[in-house]
Amino acid sequence: MWNSVYNFDWVEIGIAIGIVIIFHVFRKIFTTYIFKLILRMSRKVPTDLITNVLLSFEKPIRVFFTFIGFYVAFVYLPFPERFDEPAILILRSFIIFLIASGLYNLSATSSSLLLKVGSRFNLEVDDILLPFISKLLRFAIIAMAISIVLNEWDYNVSGFIAGLGLGGLAFALAAQDSLGNFFGGVVIITEKPFSIGDWIKTPSVEGTVEDITFRSTKIRTFAQAIVTVPNSTLANEPITNWTQMGKRQISFNLGVTYSTPREKVERCVRRIDDMLRNHDDIDQELIMVRFNEFNDSSLDIFLYFFTKTTAWVEYLKVKENVNLRIMTILQEEGVSVAFPSRSIYLEKKEPVKSDRTE
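Residues numbered from 1 in each chain as written. Predicted model: local features only at pLDDT ≥ 70, side-chain atom pairs only at ≥ 80, totals over all residues. Heavy atoms only, no water.

## Brief notes about the overall build of the chain
Now for step 1: Of the regular secondary structure elements, the chain holds 12 helices and eight strands.
Now for step 2: A total of 358 residues make up the chain; the buried ones form 31% of that total.
Now for step 3: If you take every contact in the chain between residues at least 6 apart in sequence, the share linking residues at least 24 apart comes to 64%.
Now for step 4: As displayed, the chain has an accessible area near 24000 Å², and 61% of this comes from carbon and sulfur atoms. (Helix = DSSP H or I, 4+ residues; strand = E, 2+ residues; numbered from the N terminus. Buried < 20%, exposed > 50% of the residue type's maximum accessible area, 1.4 Å probe, protein only. Contact = heavy atoms within 4.5 Å. Areas by Shrake-Rupley, 256 points an atom, 1.4 Å probe, with all protein chains shown as cover.)

## With respect to the confidence of the model for the chain
Now for step 1: Looking at the chain, pLDDT values average 79 and 75% of them are 70 or higher.
Now for step 2: Contacts of residues 1-5 to residues separated by more than four positions or lying in other chains number five contacts, the stretch itself having pLDDT below 50.
Now for step 3: In this model, residues 121-125 is a region of pLDDT below 50 whose contacts with residues beyond four sequence positions or in other chains number seven contacts. (pLDDT = per-residue confidence, 0-100.)

## What about the sheet that holds strand β6 (residues 248-256)?
Now for step 1: Read from one edge of the open sheet, three strands run β6-β8-β7, paired in antiparallel fashion. Strands at the two margins of the open sheet, each flanked by one partner only, are β6 and β7 (282-294). Neighbour to neighbour, the strand axes of the sheet diverge by 15° on average, direction disregarded.
Now for step 2: Relative to strand β8 (residues 299-307), β6 runs antiparallel, the two being bridged by nine bridges. When the bridges of β8 are listed, Q249 appears paired with F306. (Pairing = 2+ DSSP bridges. Axes fitted to C-alpha atoms, helices over the stretch in contact; angles between N-to-C directions.)

## Some details on the pairing of β7
Now for step 1: Bridge analysis of β7 against β8 gives eight bridges, and the strand direction is antiparallel. Residue pairing across strands places V289 opposite L303, the latter belonging to β8.
Now for step 2: Linking β7 to β8, which pair antiparallel, is a turn of four residues.

## What to know about the environment of S259
Now for step 1: As for its placement among the helices and strands, S259 is situated in the loop between β6 and α11 (262-277).
Now for step 2: Spatially, the C-alpha atom of S259 lies 9.2 Å from that of L299, the residues being 40 residues apart in sequence.

## A closer look at the packing of helix α4 (residues 58-76) against helix α5 (residues 84-106)
Now for step 1: Contact pair α4 / α5: the axes reach a minimum separation of 10 Å and the direction vectors enclose 175°. With respect to α5, the element α4 is oriented roughly antiparallel. Here P60, V63, F64, F67, I68, Y71 and F74 of α4 come into contact with α5, specifically with A87, I88, I90, L91, F94, I95, L98, S101, G102 and N105.
Now for step 2: Tallied by class, the residues present in the contact of α4 with α5 amount to 14 nonpolar, three polar and no charged. (Parallel < 35°, antiparallel > 145°, perpendicular 65-115°, else oblique. Nonpolar A, V, L, I, M, F, W, Y, C, P; charged D, E, K, R; others polar.)

## A few points about the pattern of salt bridges
Now for step 1: Within the structure shown, the criterion is met by nine salt bridges.
Now for step 2: With its nearest N and O atoms 3.0 Å apart, the salt bridge here joins R262 to E266. In this pair, R262 and E266 both sit in helix α11, four residues apart, roughly one turn of the helix.
Now for step 3: For R262, a relative accessible area of 63% gives the class exposed.
Now for step 4: Of the charged contacts, one joins D273 and R277 as a salt bridge, the two residues approaching to 2.9 Å between their closest N and O atoms. (Salt bridge = Lys/Arg side-chain N within 4 Å of Asp/Glu carboxyl O.)

## Remarks on unusual backbone geometry
Now for step 1: Even without being glycine, Q224 reaches a positive phi, approximately 70°.
Now for step 2: If you trace the backbone, Q224 turns up in the loop between β3 (216-220) and β4 (226-230).
Now for step 3: Relative accessible area serves as the criterion here: at 54%, Q224 is assigned to the exposed category.

## What about the packing of α11 against helix α12 (residues 312-333)?
Now for step 1: Where α11 meets α12, the closest approach of the two axes is 10 Å, and the angle between their N-to-C directions is 150°. Comparing the axis directions of α11 and α12 gives the class roughly antiparallel. Between α11 and α12 lies a crossing whose hand is right-handed. Two secondary-structure elements touch here, α11 through K264, R267, C268, R271, I272, M275 and L276 and α12 through V322, R325, I326, I329, L330, E332 and E333.
Now for step 2: For the contact of α11 with α12, a count of residues per class yields eight nonpolar, no polar and six charged. (Left-handed = near helix turned anticlockwise from the far one by under 90°.)

## Things to note about the nonpolar core
Now for step 1: I272, L276, V289, L303, F305, V322 and I326 are the most contacted members of the largest nonpolar core, which has 23 residues in total.
Now for step 2: With residues up to four places along the chain from it excluded, the contact list for L303 reads I250, S251, F252, L254, I272, L276, M288, V289 and I326.
Now for step 3: Among the nonpolar cores identified, the runner-up in size contains nine residues, and I188, F194, I200 and V229 belong to it. (Core = buried A, V, L, I, M, F, W, Y, C linked by side-chain atoms within 4.5 Å.)

## Things to note about α5
Now for step 1: A rise of 1.5 Å per residue sets the reference length of α5, with its 23 residues, at 33 Å; its end C-alpha atoms lie 33 Å apart and thus fit the reference within 8%.
Now for step 2: Taken together, the buried positions of α5 are occupied by A87, L89, L91, S93, I96, L98, A100, G102 and L106. (Expected span 1.5 Å × (residues − 1).)

## Regarding α4
Now for step 1: With 19 residues, α4 should reach 27 Å at 1.5 Å per residue; the first-to-last C-alpha distance of 27 Å fits that figure.
Now for step 2: Among the residues making up α4, those that are buried are E58, P60, F65, I68, G69 and A73.

Listed below in structure tokens is the structure:
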């Protein structure tokens, strides 16, 4: 039946199969020897852009050789002329998809091309922005490849795009919350109020950022629970990023008893100030130790200073060390810490003398 329809003989079929096998073998030789040689030579170039491009297009090139083998075999066989134009369109479409596949691989998050572009334009690329740019590029590459292929097959691409626009408008009206979360994610990714691993605090949640997607942000609280917050909520809330602190504040009032003499209060203030200014873990830019006010039940010494570390555990260690040193100073000066108290004074009444005589 095959022979009667297309007038093929077994010799022609055998030659066509041989052509496919030859191209397959050449593909093996190319990827095993020639491609590795070219790759080794490209790594000697000062820039690694060529190497990244070659690695991204390695698999498409392999598939290209196999497909070319089938195409040459098809051309060799005496098919009717009406198959020539569809065969060329299929070849052109396949080449477009292979190029798009290589560009898709080149725009991966792991590609150093994005890092080089970011450094070239002085853009800070981190764990949030890089996946976002990669996804946008990949989406654009796929959309362009589909549009070019449809245009090759004489489809009205402009009408298709217009239809997508009307459909997108209807979808936008039906999914306002999802779009709000998406654009909230765009705001967070572009403005970067925080990054993955940062400790943040908002009116709705406090914890460490674990993941950021287009719809939501996952935050692990200090109770080790995962809270998923919609990006539209985060984008409209004040965000405190504790990780970006250069130093960490300590501020409190130290109350001593009212029976403490003025001289001892002055010595305590001076010694605590000297202790902080000679402490290796205290930032020296701003240190304030002052006798601040007469409180209800104490004389208050105001302390305001910063630790060099911002890590929570180290911060607590420094704070504990400072408190112990303050206790030592107070003990050496014989000064007692005040506690809330009240003094009650009872008025003594004299007995009333009576003028009655019995």
